[in-house]
Amino acid sequence: MIDGCAAIVMAGGRATRLGGVAKGLVVVGGETILERQLRVLRPLFAEIRIVANDAAPYARFGLPIVGDRVAGRGPLGGLEAALAAIDAPRAFVCACDMPSLREEAVRLVAEADRDADVVVPVVGGRPEPLHARYAKACLPAVQRALAEARLKMTSFFAELRVVAIDEARLRAIDPSLAFLRNVNAPEDL
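Residues numbered from 1 in each chain as written. Predicted model: local features only at pLDDT ≥ 70, side-chain atom pairs only at ≥ 80, totals over all residues. Heavy atoms only, no water.

K.L.:
For this particular structure, what's the right way to read the nonpolar core?
P.N.:
A general trend in soluble globular proteins is that nonpolar side chains are found buried together. Core analysis: the biggest nonpolar cluster contains 38 residues, and L41, F45, I50, F92 and L170 have the highest contact counts within it. When contributions to this core are tallied by element, the ones reaching two or more residues are β1 (5-10), α1 (33-41), β4 (48-51), β6 (90-95), α3 (103-111), β7 (118-123) and α5 (167-173). Ranked by residues supplied to this core, first place goes to α3 with 5 residues. Among all residues touching L41, those that are not within four sequence positions of it are A7, V9, I48, F92, C94, L101 and V106. A82, V93, V142 and F156 belong to the second-largest nonpolar core, a separate cluster that totals 28 residues. (Core = buried A, V, L, I, M, F, W, Y, C linked by side-chain atoms within 4.5 Å. Buried < 20%, exposed > 50% of the residue type's maximum accessible area, 1.4 Å probe, protein only. Helix = DSSP H or I, 4+ residues; strand = E, 2+ residues; numbered from the N terminus. Contact = heavy atoms within 4.5 Å.)

Following this line, the structure appears as structure tokens:
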């Protein structure tokens, strides 16, 4: 178990490019994406929560489901709800549409620099904020960003101590970076 860290699966998106289906329930390789993710996350985290405004599709997984406290704010609103709900001082956060999570990559992010407010992989110069770790202490900065309608997931990073995990370290785990790929449209399957 990764000490002092919860896991959060962000499952609140509308999935318009997938016809509105709950992305975490899309079947890949004979099981839902969420089942695939939980196979990786359950051995690593004592506290796991799902962020979803419609709890019904995810109730069968037996995990606490958190709804947005500020509606219509996208992933940043989900992050705010998640950080407010966790007991642990930090949370590894991933999107529900990432079917190829890898234990090594999750550990790399979740166990990096415990004093950092945010630990985020960076690929091609771009952060991957939905495969990142956030300290519960980020909550005030996230709430300020929401109040100011700065809804980009990285909009509050400048206010905090952010540690980037460079692409070379990520590619050492998987040269293809498959663990960062997500399913947004039918062709992604």
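That covers the picture; the talk isn't over yet.
K.L.:
Sorry, what's going on with the pairing of β4 here?
P.N.:
Walk down a regular strand and you will see the side chains alternate between the two sheet faces. Residues I48 and I50 of β4 are buried on one face, and the alternating residues R49 and V51, pointing to the opposite face, are buried as well. In this structure, β1 lies alongside β4, joined through 4 bridges in parallel fashion. Counted as the bridge partner of I8 is R49 from β4. Looking at chain direction, β4 and strand β5 (residues 65-66) are connected through 2 bridges and run parallel. Bridge pairing in β5 places V51 opposite V66. (Pairing = 2+ DSSP bridges.)

K.L.:
Sorry if this is basic, but what is going on with the environment of R171 here?
P.N.:
Inspection of the secondary structure assignment puts R171 in helix α5. Sequence separation between R171 and A105 is 66 residues, and the spatial gap between their C-alpha atoms is 9.7 Å. Of note is the side chain of R171, whose polar atom sits 2.3 Å from the backbone oxygen of P175. (Polar contact = N/O pair within 3.5 Å; in protein donor to acceptor, adjacent residues only side chain to side chain.)

Honestly, it's all geometry; don't read function into it.
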